[in-house]
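# Descriptive analysis of the structure
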Amino acid sequence: MNQLRIIYYADSFCGLSETYVYRTAQCLSAVAPMTVLTHERQYRDAFPDGALDIRMVPRPSSRLAKANAMLRGWRLCGVRDGCSLSPRRLWRIAGQPQRAVIFAQFGLAGVRALGAAASLRWPMIVNFHNCDLTNWLAFRRYARNLTRLFRFPYVVFLVPSGYIAAKLIALGAPEARTRVYYNPIPIPDVYRSDSDEKAPLVFLHAGRLVPMKGITYTIKAFARIAAAYDCFLRIIGAGPEEQIARRLARKLGIAGRVTFLGAVDFAAVQREMKGADVFVQHSVTAEGGETEGLPVAICEAMSYQLPIISTRHAGIPEVVKDGLTGLLTAERDIEEMARAMRSLAENRAMPLELGNRGRLAIVKNFSMQAAQSFLEELVWKQLVWRRAPLW
């Protein structure tokens, strides 16, 4: 077998909510020897090094270093970025006679690795996420750099949903080289065979408390059923909407039924999912136009056999099938969401039926094994063993 090293490049490794960054690294390390390059190492307790070879790359700090990095990127591929990677550094890591594939996590990492990939003529995989196509596009230089990335013939673009694929293609990414790669989910050893109709019904929300997560709509919908049923709402996450949500729960008289858990590590999220009955997330398009992609928390909840109550928003309907694996409502329709909650509170067998089908879908398409097989096929058969440009 050809010698190969995968260079996995991420600006930071990795944020507390970016479990998919760590899991993808684990999957890639099973495909070929791999080195993680990052500028910032975060949350070692939650994401231990284990068998991963993780190396720190200092960010250019002086004006001269930034100017040199920008000049290098501009000279090699027309990209203007003060953190462009050095081809010499990557060549030393890969070593002769090995070849390498660069896996860039997020679009900005792809831009910064492009010059080195072009210089070394190494194929590259760039894993885009929704933030790459919303927040970052506000920066003109980033948008211009993307056009150069799209023109590079030895790169494949991965996206976590068909919704994001359509957005990326609309920006100019070649459709033939844009693939849906679902963020990998470890499948827990959990199986619910029956439901205790006498126990309280526990609704769970997990996610940043920002406008597009719609936590205030979830609380308002829950308030409409709280008095009639033995149920509770538990909220994981922190953010600018937290105090607004707390005040709203007090105002609606349901503070005793709503528990705010704050930002917690993934182990705590797992415990909460194991103890919940229904996962709720009222995703909406924020006033500034920000949207979800395909929320990882929804997929994780489905792996725990939880039915989903959410909205027909962005990529959510791609995984949550209304009436089969969950219940979907219109954005900002509080009454429709309350009806969905009420239907699961009244029919306690229904959550188990929806959850069973949802877990099967996640095992098939989102498991670590499915992700590893996808990446192995992509790296070896479509990048390493073919020498022609990919378009």
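Residues numbered from 1 in each chain as written. Predicted model: local features only at pLDDT ≥ 70, side-chain atom pairs only at ≥ 80, totals over all residues. Heavy atoms only, no water.

This next bit is on the pattern of salt bridges. A complete count under the given rule lists 12 salt bridges for this structure. The partner of E292 in a salt bridge is K213, with the nearest N and O atoms 3.0 Å apart. Linking E292 in the loop between β11 (278-280) and α10 (296-303) with K213 in the loop between β8 (201-206) and α7 (215-226), this pair joins segments that are 79 residues apart in sequence. Both residues of the pair, E292 and K213, count as buried. A single network of salt bridges, built from pairs that share partners, joins R41, R44 and D49. (Salt bridge = Lys/Arg side-chain N within 4 Å of Asp/Glu carboxyl O. Helix = DSSP H or I, 4+ residues; strand = E, 2+ residues; numbered from the N terminus. Buried < 20%, exposed > 50% of the residue type's maximum accessible area, 1.4 Å probe, protein only.)

With that out of the way, let us pick up the environment of L4. Among the secondary structure elements, L4 is positioned in strand β1 (residues 4-13). In this structure the C-alpha to C-alpha distance between L4 and R88, which are 84 residues apart in sequence, comes to 17 Å. Those residues in contact with L4 that lie beyond four places of it in its chain are A32, P33, R99, A100, V101, V379, W380 and V384. (Contact = heavy atoms within 4.5 Å.)

Turning our attention to unusual backbone geometry. In this chain, F13 is followed by C14 through a cis amide linkage whose omega measures -15°. If you trace the backbone, C14 turns up in the loop between β1 and α1 (19-29). Positioned with a positive phi, Y43 is a non-glycine residue whose angle comes to about 45°. Considering the arrangement of structural elements, one finds Y43 in the loop between β2 (34-41) and β3 (53-56). In this structure, F106 is a non-glycine residue whose phi angle is positive, near 90°.

Bringing the sheet that holds strand β9 (residues 231-236) into the picture now. Strand pairing in a sheet relies on backbone hydrogen bonds, with the paired strands running either antiparallel or parallel. Read across the sheet, 6 strands follow the order β10-β9-β8-β11-β12-β13 without closing on themselves; strand pairing throughout is parallel. The sheet is open, and its two edges are formed by β10 (258-262) and β13 (326-329), each paired on a single side. Neighbouring strand axes in the sheet, compared pairwise and without regard to direction, differ in orientation by 20° on average. Where β8 and β11 come together, 2 bridges link them in parallel fashion. Note that in β11 the partner of F203 across the bridge is V278. (Pairing = 2+ DSSP bridges. Axes fitted to C-alpha atoms, helices over the stretch in contact; angles between N-to-C directions.)

By the secondary structure assignment, S367 is in the loop between α13 (350-366) and α14 (368-384). Judged by relative accessible area, S367 falls into the buried class, the value being 6%. In this structure the side chain of S367 is engaged in a polar contact, spanning 3.0 Å, whose partner is the backbone nitrogen of A370. Beyond its immediate stretch of four places on either side in the chain, S367 contacts P184, I185, I187 and I362. (Polar contact = N/O pair within 3.5 Å; in protein donor to acceptor, adjacent residues only side chain to side chain.)

Spatial relationships are all this shows, so hold off on functional conclusions.
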